[in-house]
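# Chains, contacts and geometry: an overview
Each chain is listed here by its residues.
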Amino acid sequence: MVMTADVKETSSGVSAQKATRDIYLPPARKKITGGGTPHIVAREFSIYYSEFEAVKKVSADILSKYVTAIIGPSGCGKSTFLRSINRMNDLIPNCHTTGALLFDGQDIYGKYTDEVLLRKKVGMVFQKPNPFPKSIFDNIAYGPRLHGVSDKKTLADIVERSLRKAALWDEVCDRLDKNALGLSGGQQQRLCVARTLAVEPEVLLLDEPTSALDPKATAKIEDLIQELRGSYTIMIVTHNMQQASRVSDYTMFFYEGVLVEHASTAQLFTNPKDSMTEDYITGRFS
Amino acid sequence: MSERPVHELIRELSQVLVQLSDKVLENFFHALHAIKHQDEQSARQIRLVDEEIDIAEVNLEERCLAFLALQQPVARDLRTIVTIIKINDDLERIGDLAVHIIDRMPEISPGMLDSFDFENMGVHAGEMVKKSIQAFISKDRTLADQVCALDEEIDVMHRSIFKRVTMLMKSPDSPVDELIATLSISRYIERMADHATMIAREVIYLVTGEIVRHQEGFYDKLIESLKE
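### Concerning the interface of chain B and chain A
Each partner contributes to the interface: chain B provides 10 residues, whereas chain A provides 12 residues. The class makeup of the residues in the side of chain B that touches chain A is five nonpolar, two polar and three charged.

### Side note on the sheet that holds strand β9 (residues 203–207) of chain A
Residue and element names in this part refer to chain A. Strand order in the open sheet formed by six strands is β8-β9-β10-β5-β11-β12, and the pairing between neighbours is mixed. A single partner strand is all that each edge strand has here, and the edge strands are β8 (122–125) and β12 (258–264). Across the sheet, the mean angle separating the axes of adjacent strands is 15° when strand polarity is ignored.

### Brief notes about the pairing of strand β5 (residues 67–71) of chain A
Residues and elements named next belong to chain A. For β5, the tally of buried residues reaches five of five residues, placing the bulk of the element in the interior. Two strands pair when backbone bridges link them, and β5 and strand β10 (residues 233–237) are joined in this way by four bridges, in the parallel orientation. Residue pairing in the sheet places Thr68 in a bridge with Met235 of β10. With four bridges joining them, β5 and strand β11 (residues 250–255) adopt parallel strand pairing. Directly across from Thr68, in β11, lies its bridge partner Tyr250.

### What about the sheet that holds strand β4 (residues 52–63) of chain A?
Residue and element names in this part refer to chain A. Spatially, four strands are ordered β4-β3-β6-β7 in an open sheet, and the strand pairing comes out antiparallel. Of all the strands in the sheet, just β4 and β7 (106–107) have a single pairing partner and so form its edges. As paired elements, strand β3 (residues 38–49) and β4 share eight bridges and run antiparallel to each other. Counterpart to Ala42 in the pairing with β4 is Ala60.

### Looking at the pairing of strand β6 (residues 95–103) of chain A
Residues and elements named next belong to chain A. Taken together, the eight bridges between β3 and β6 define a ladder with antiparallel strand orientation. Residue pairing in the sheet places Tyr49 in a bridge with Cys95 of β6. The antiparallel hairpin formed by β6 and β7 contains two residues in its connecting segment, where Asp104 sits at a positive phi of about 55°.

### A few points about helix α6 (residues 185–197) of chain A
Residue and element names in this part refer to chain A. Compared with an ideal rise of 1.5 Å per residue, which puts 13 residues at 18 Å, α6 spans 18 Å between its outermost C-alpha atoms and is within 8% of the ideal. With 12 of 13 residues buried, α6 is to be regarded as a mostly interior element. Every buried residue of α6 is listed here: Gly186, Gln187, Gln188, Gln189, Arg190, Leu191, Cys192, Val193, Ala194, Arg195, Thr196 and Leu197.

Quick notes on the rules
- Residues numbered from 1 in each chain as written.
- Chains lettered and ligands numbered in written order.
- Predicted model: local features only at pLDDT ≥ 70, side-chain atom pairs only at ≥ 80, totals over all residues.
- Contact = placed C-beta atoms within 7 Å.
- Nonpolar A, V, L, I, M, F, W, Y, C, P; charged D, E, K, R; others polar.
- Pairing = 2+ DSSP bridges.
- Helix = DSSP H or I, 4+ residues; strand = E, 2+ residues; numbered from the N terminus.
- Axes fitted to C-alpha atoms, helices over the stretch in contact; angles between N-to-C directions.
- Buried ≥ 20, exposed ≤ 12 C-beta atoms within 10 Å, placed from the backbone.
- Expected span 1.5 Å × (residues − 1).

Set out below in structure tokens:
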């Protein structure tokens, strides 16, 4: 319980404390300084696969530097929505959108949006670790090189900084020239996070990042999310509701393409406002 | 959709709690009856039952803690388990109050007890516990509010006994020890009503997710809402 106290001087000179109750935040989730402004804004945003409306008129503000989890049953549109934020859906034939989806106030689907620049700022990590069949160093340096960095010292600095941020440096610093495919699954996934961080994104999209990992590797990724929280806006799609409640500040519940509820994670997992959310998270869904 | 095993387990834990409340209430009424009739045999039985209540309380708490650890409930399921743990604690304390009442037996005469309407006060407090448990079973916010409002009636009864005992004590030949024991019994019944109120407030949390303890003006708002 976070308690604050208004201290007042009374006429007798004795200070009287009136205790007031503040909003409870779990100890691991500290308030973020410099965050909390709408970073990604959706307004009446729909995604269609041909005629099928996979995401239906979603309106939401994703706050900067906080972690937002997206939950919902399979086929509810959560991954589709996530992938739309860095336009991964562009690769799917007949996929189109209506409404507005803004990143830093700029229309993601605007006529003049540079997808390459967008994907630099909005990085993505997928369900299955997908390192390139190259050395650990080259995996991390791949993005910066693509964006024109060629100086060896600069690249080495980026590689070290990214691997440190992804909590992988200590495990791989003596074998940077070894093939990344030789790493364990958990290490490979953190490598993918490091590879994303190397191009200095503002947003990290994580699409079920631990579903292929064992509990130990999952814990490392979850710890990593907590470490990165406050520096990046993070969105994570997960089927593991305990994971959503452990790592996120806000949770969005999707059902059949509709954003049913979007609330603070503490609120959504203790006292959801929508009965459909309640039924889903308590396993009463028919 | 048929009930999932996890929800059957919550229902089972709720039933165990309701059974415990029946046992606690029965023991409390037996205590009031035993002290009125100076029934030593019943008093021994009441102590034995209280030991059973203590064991049942620990067992239920252990099952709830295991449920929290293993099932990691959320939302209504989480609130139900937390509420069961808290009500369980209240019931155990009511069980202790029954024993406290019979502990006063050697200090008080049936004549003194007859001159105070403890039976009526006990029935009122018992009704509050019954209603609070009924509110838990039916997740009934209105009934829980009613229980909270009833607490004032018991407080009035207790204050009236307090005043009368104070007045009697002023008499030079007053049986002070016996009057203190009398006041204690009134206090135990009043405490039981307080526990019923706490149970009702826990039910309000279960239903709404709102913690209404320590809220300024809660009682005034409650009376207003009941009038409406």
